[in-house]
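Chain by chain, the residues run as shown.
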Amino acid sequence: MIFGITSFVLIVGLSLRLTFGRYLSRLPEENRKFTVKNFKDYIKWVAGWKFSFLKLERWDRCLDYLIAWGRKNYQGWTVWVFYPLALCYVYLALSGMFFAWFVKRGLYGFPLLLHVAAGALFAISLTIVLFIKARVYLPEKLGPRAAAQENQQKGGFWCPLLKKSIARIYLEALAFWVFVVAGFLLALSTLGSMLPYFNYPAQIFFFHVHRWSALASVLAAILALDSIIVEVQAASAGERAEKPSR
Amino acid sequence: MRRQNDRRQESRRITLRSIWHTGLLLVSLAVFILMAVSVSRLLEARSEVSPGQEIKLKAEEKKEWSGSQLSPLHRIPLNDEFNQKIVPAAPNALPFSTRYSCEPCHSYSTISQGTHFNYKNRPAVDRRTEPWFLVDNRTGVQLPISFQKYPGFWSPEQLGLSDWRFVTLFARNLSGGGPGEPSDENQTPDSRWNVSGKLEINCLGCHHKSPLQDHSEWVKQVMRENFRWAATAASGLGEVVGMASRLPATWNIADGPNPDDREWAVVPQVRYNPNLFDSKNNAVLELPPPEDDRCLACHSVSPRTAKSRAEVDRDVHLQAGLKCVDCHRHDLSHEMVRGFEGEKLSRSNLQAQDFTCAGCHLGQKPEKGGKGFAGRLGAPRPAHKGIPKVHFERLACTVCHSGLLPEKEPQPIYTSRANRLGIFGKAVWTSEYPQLVEPVFVREADKKVYPERIMWPAFWAEIKDGELKPVDSQEILAAVPEIFNLKENVASLLNSLIPLAGEGFYPAVIISDCLFEPNVDGSLKARLLEKTPLAAKPGKGKFLLAQLKNGEVRPLLPEFDPDNPPAGVEDKVLSALQNLKPFANGRQPVFLIGKYIYRITEGYLDKAEKGGEPVSTPEICWLAGDEFQPFLSGFQVRNLAAIGSGPEILTEEQVTLALKKLSETKPDRKLAYVASGFVFSLDKNGKLKAGQHRAARAITWPLAHNVRPAQQALGKNGCTDCHSLNSRIFFGKIEASSPLKTSHRDSRLGADLMKTGPLFQFLFGFTFLVRPAFKLVLAACVLVMGLLLLAVIIRMTGRASGISGDSSGPESRS
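Here the structure is a predicted model, which is why all the values come from computation and not from measurement.

About the criteria used
All residue numbers here refer to positions counted from 1 along the written sequence of the relevant chain. All chains are assigned letters beginning with A, and all ligands numbers beginning with 1, in the order in which they are written. Confidence filtering applies because this is a predicted model: local features only for residues at pLDDT of at least 70, side-chain atom pairs given and counted only at 80 or more, and all residues used for totals across whole chains, interfaces and linings. Hydrogens are left out, water is left out, and the side-chain values use all remaining heavy atoms of the structure. DSSP bridges decide pairing: two strands pair if at least two such bridges lie between them. Per the convention used, a helix needs a DSSP run of H or I reaching at least four residues, while a strand needs a run of E reaching at least two, with both numbered from the N terminus. Axes here mean lines fitted to C-alpha atoms, for a helix over just the part in contact, with angles spanning 0 to 180 degrees between N-to-C directions. Pairs of residues are marked as contacts when any of their non-hydrogen atoms sit within 4.5 Å. Take the accessible area each of two parts loses on contact, using a 1.4 Å probe, and add the two losses: that sum is the buried area. We define a salt bridge as a contact between a side-chain nitrogen of Lys or Arg and a carboxyl oxygen of Asp or Glu at a distance within 4 Å. Polar contacts, as counted here, are pairs of nitrogen or oxygen atoms within 3.5 Å of one another; within protein the pair requires one atom able to donate a hydrogen and one able to accept it, and residues that are adjacent in sequence qualify only if both atoms are side-chain atoms. Roughly parallel refers to an angle under 35 degrees, roughly antiparallel to one over 145, roughly perpendicular to one between 65 and 115, and oblique to any angle outside these ranges. Each Phe, Tyr or Trp ring, with Trp reduced to its six-membered ring, pairs with another whose centre is within 6.5 Å; inter-plane angles below 30 degrees give stacked pairs, above 60 give edge-to-face pairs, and intermediate values give tilted ones. The rule is simple: take the accessible area with a 1.4 Å probe, protein chains only, and divide by the maximum for that residue type; under 20% is buried, over 50% is exposed, in between is partly exposed. Whether a charge sits over a ring depends on NZ of Lys or CZ of Arg being within 6 Å of the ring centre and within 35 degrees of the ring normal.

K.L.:
Before we move on, could you go through the sheet that holds strand 26 (residues 688-691) of chain B and cite the residues and values that matter?
P.N.:
All names here are of chain B. Pairing is antiparallel across the open sheet formed by 5 strands, whose spatial order is 12-11-24-25-26. Strands at the two margins of the open sheet, each flanked by one partner only, are strand 12 (467-470) and strand 26. Averaged over all neighbouring strand pairs, the angle between strand axes comes to 40 degrees, with direction disregarded. With 4 bridges connecting them, strand 11 (residues 459-464) and strand 12 associate as antiparallel partners. Within the sheet, the bridge partner assigned to lysine 464 lies in strand 12 and is glutamate 467. Strands strand 11, strand 24 (671-675), strand 25 (678-682) and strand 26 of the sheet are contacted by helix 22 (residues 652-665), whose axis makes an angle of about 55 degrees with strand 25.

K.L.:
Provide a residue-level description of the interface of chain A and chain B, including the pertinent values.
P.N.:
In this complex, chain A contributes 46 residues to the contact, which on the side of chain B involves 40 residues. Interface of chain A and chain B: buried area, both sides summed, is about 3900 Å²; carbon and sulfur atoms make up 73% of it. If you sort the residues of chain A by the area they bury against chain B, Arg105(A), Glu140(A) and Met194(A) come out on top, with a joint share of 16%. Applying the counting rule to chain A against chain B returns 0 salt bridges. Inspection of the chain A/chain B interface yields 3 residue pairs in polar contact (both at pLDDT 80 or more). Elements supplying a minimum of two residues to the side of chain A that touches chain B: helix 4 (56-73), helix 6 (109-133), helix 8 (168-194) and helix 9 (200-242) of chain A.

K.L.:
Lay out the packing of helix 1 (residues 2-26) of chain A against helix 2 (residues 36-47) of chain A in plain terms, naming residues and giving numbers.
P.N.:
All names here are of chain A. Two elements in contact, helix 1 and helix 2, have axes separated by 10 Å at closest approach and are oriented at 110 degrees. In this view, helix 1 runs roughly perpendicular relative to helix 2, as classed from their interaxial angle. Of helix 2, the residues touching helix 1 (which contributes Leu16, Thr19, Phe20, Arg22, Tyr23, Leu24 and Arg26) are Asn38, Phe39, Asp41, Tyr42 and Trp45.

K.L.:
Describe the packing of aromatic side chains, and please don't skip the residues or the numbers.
P.N.:
Aromatic rings considered in pairs are described by the distance between their centres and by the relative angle of their planes. Residues and elements named next belong to chain A. In this structure the tally under the stated criterion is 48 aromatic pairs over all chains. Their ring planes at 35 degrees and their centres at 5.5 Å tell us that tyrosine 89 and phenylalanine 122 sit as a pair that is tilted. Remark: phenylalanine 122 occurs in helix 6 and tyrosine 89 occurs in helix 5 (residues 79-102); sequence separation between them is 33 residues. Each member of the pair, tyrosine 89 as well as phenylalanine 122, is classed as buried. With a centroid separation of 5.1 Å and 50 degrees between ring planes, the pair formed by phenylalanine 98 and phenylalanine 102 is classed as tilted. With a gap of 4 residues between them, phenylalanine 98 and phenylalanine 102 both fall in helix 5, about one helical turn apart. On the accessibility criterion, phenylalanine 102 (58% relative accessible area) is exposed. Among the aromatic residues, those joined into a cluster by ring pairs are Phe8, Phe98, Phe99, Trp101, Phe102 and Tyr108. A cation sits over an aromatic face here: arginine 105 above tyrosine 108, 4.0 Å from the ring centre.

K.L.:
Account for the pattern of salt bridges, naming residues and giving values.
P.N.:
Residue and element names in this part refer to chain B. For the structure on display, the rule yields 24 salt bridges over all chains. The partner of glutamate 467 in a salt bridge is arginine 694, with the nearest N and O atoms 2.8 Å apart. Taken as a pair, glutamate 467 in strand 12 and arginine 694 in the loop between strand 26 and strand 27 (699-702) lie far apart in primary sequence, 227 residues in all. Judged by relative accessible area, glutamate 467 falls into the partly exposed class, the value being 38%. The salt bridge involving glutamate 653 is made with arginine 638; its shortest N-O contact spans 2.5 Å. Taken as a pair, glutamate 653 in helix 22 and arginine 638 in helix 21 (residues 634-643) lie far apart in primary sequence, 15 residues in all. The class of glutamate 653 is partly exposed, set by a relative accessible area of 27%. Linked by salt bridges that have partners in common, Glu462, Glu475, Lys666 and Arg669 make up one network.

Below, the structure is given as structure tokens:
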């Protein structure tokens, strides 16, 4: 119950916060404030999505978007690591959260079988992604890149409380490392519960580690989607759009 | 001014007076309301009390336990049913009455509400338990009867069984009380309570710690309808002779013994053992909490495959030194703790959840009604290493720890109450029916899986408005006895041929691959022949009369030269033919040998030429007019061949014939036979058809014992104990056992009973083939990820502490 409510609130809250931030970033800098007007406009903006998301064409474009992003950011064979990672993760998150929220018994039956199978592929993919991408998000490398982003005046993360943009690279790194650590805990708790060395209280502990790690992972994935995939692509799309006018 | 003051004072006085009056009125009103409420409550209380009872102040409850752990030696006077003290040496002493002997110290009325006595009013939360089984070995009936209301259980009311009938059927495993003590208004015309006496609660049946206490004696006495004498006889305090069942219905205890009949209708009498009484005629009784043997008299279970008691392991708790009553406790209410999860006791002061598996081994949490401490009675706390928590949410503890270890198919078992175990005497009491099997794993309404016992009901039924109502098997038997008395009739015929058998030999008949010989019950015992010991093996539809002695089999009918018969042979033939006469049905028994025929004419053996072709081997047969009919009819041979040595009682041919004859004799009723999960009835062409009906479905009930040790629990050898492609748990096939030999048999898969679906379990089982590899891969991933994360942490720590310098690695981010 606690997990269900907490996870729902956090996921919905983070999604709203990120979309609200994205909405604010579209506004002129002097209008980027928490005002009732902005909030009402934001609601209208979000509500407008429903029509586009009901169209298959929109989803098709999202998929094309993701595929293109993958090809661009994962060179050569490594793209075949990213795609399974993304695909498995979507199923893992959807099945896990759906059953946690709506089914009292939790995950069971065929969805559970598929969950376990997808989990194995996810663990392998995540390990490889960590191996090839960890160096990108090492803390000492974030400073220069943040400065470069600021120089390029790329859209940062608008923080209304600080009233300034934070370099996106910090969010990217945060999302990446939380996602990796959560994935590590997910794999560890799965392995632990499958080994015949741990008693019932330990099984319960592993179960809780698994589901709270999953929540952290989903939150990180949402943040990554916003800050790494959509933002970078949008930025590069923006660059492409600006070129003809120059 | 003064006037004004006066007026003010006056008005104040008036105001005070009116307030006083109003207050008085209110107080009076309140008193009136209170009195009215009290009176109405009193009247209400009076109306709830049955006539004759008085409203009393709540009496101070008598303390039922002194605080001592010692079970006191009972040196007490025994009273008879007239509340008169028994003098053992007195002639014609009456049996003792527990109601009047125990009541002075232990409230009989309280105890009579206990689990073992108050069958009719079991609490609604009670889990279903093994029903009683109405069994008839001739008509193929095994019908579950219970006072508990569950699908498939027939209540005595539904079957029209009066208390009297219920007690006479099942008193062998009743502890008395309940239906054994019906009130006067509940007595039915078929009852003989005035002769038998009431079946009072047999306190000594459980509590008497004496080597003389004998369950078999109890059974013997209740079968003789000696209800009021049964407890005395079973306790060993006295011997009881006589049978109430043979007394006329008009006999009454006040009539005393009948001096004119000392052989048949002997009035039951008690001869007390004076050594068990002291000089003041007080009985000396040791009455501790019940010993295990007392419980096992009615609650034994054993696999049918076991050939001796030595093959059967006892419950691990008993081996550890516990007694049944250590867990299955009760207080004066005698409401037994059954020990299942969610049990709620309505009369007992005990906390039921303290005595569940979890209650002792894990310490049931206080919010679930327990005390929260594990290790009760020395129970070890289980580790359950490597078992995912879903098992504890979805499975009862007994799934892995109780009952017989699962085989590919559930194993047939005997239980005391169903199959009459634990009754010893000259006769073999154990009955093959009902056929129960265990374990099957069934998901119950609480979504948990329990190990259970299963059986398919078999009974004759009347179809009315699409519903099936069982018909009394005696009614069916009386309508068509020749069909159901198949074995008995053949046994009688064979017994008639004893004069023809050699010394020490007994007649038998070989049909197909089986040898049938008469048994002591007047029926037939069948044995499968490994190889035909006789030169000529009977063909299909044929039979061979044989004689048997200690495994030696010879032809029964003597071969001799009829022109020059040896001395004594013809006398034997005469004797056999005379024996057969009662079964002739208008025909004549004859013996054929060569060209001669032997028959009885005016009481003498007559030998004459038969005419026609001489017979190659001697024959016993029937002469009907000019026609020779075989000794055993085609119906008898066919059906005995079909049944063979199997456990079945009836064939489809018997059922078809019975239904045909019943439809002729009772054309207004539509009858059917229910067995093996199907309803058998006749179609328009008079052929047997099998249909389905919910009343034919299998019934199950949870089992709890015997509990196996942890080392023998399911899962001890790993997940594949249950989860594999050929799992016995999920893919074991449970086929209906039935008294009817038929190809129509209901069968269920374990996965279906658990409602998990065989496909899912197959795929899930398949995953266990790749699990070792899965674990290795996962472990490798965890290791690599862990190392990388560790490297990052070390690097960050190094930088933070200044140990490691700034290093610039290649950036691969694109």
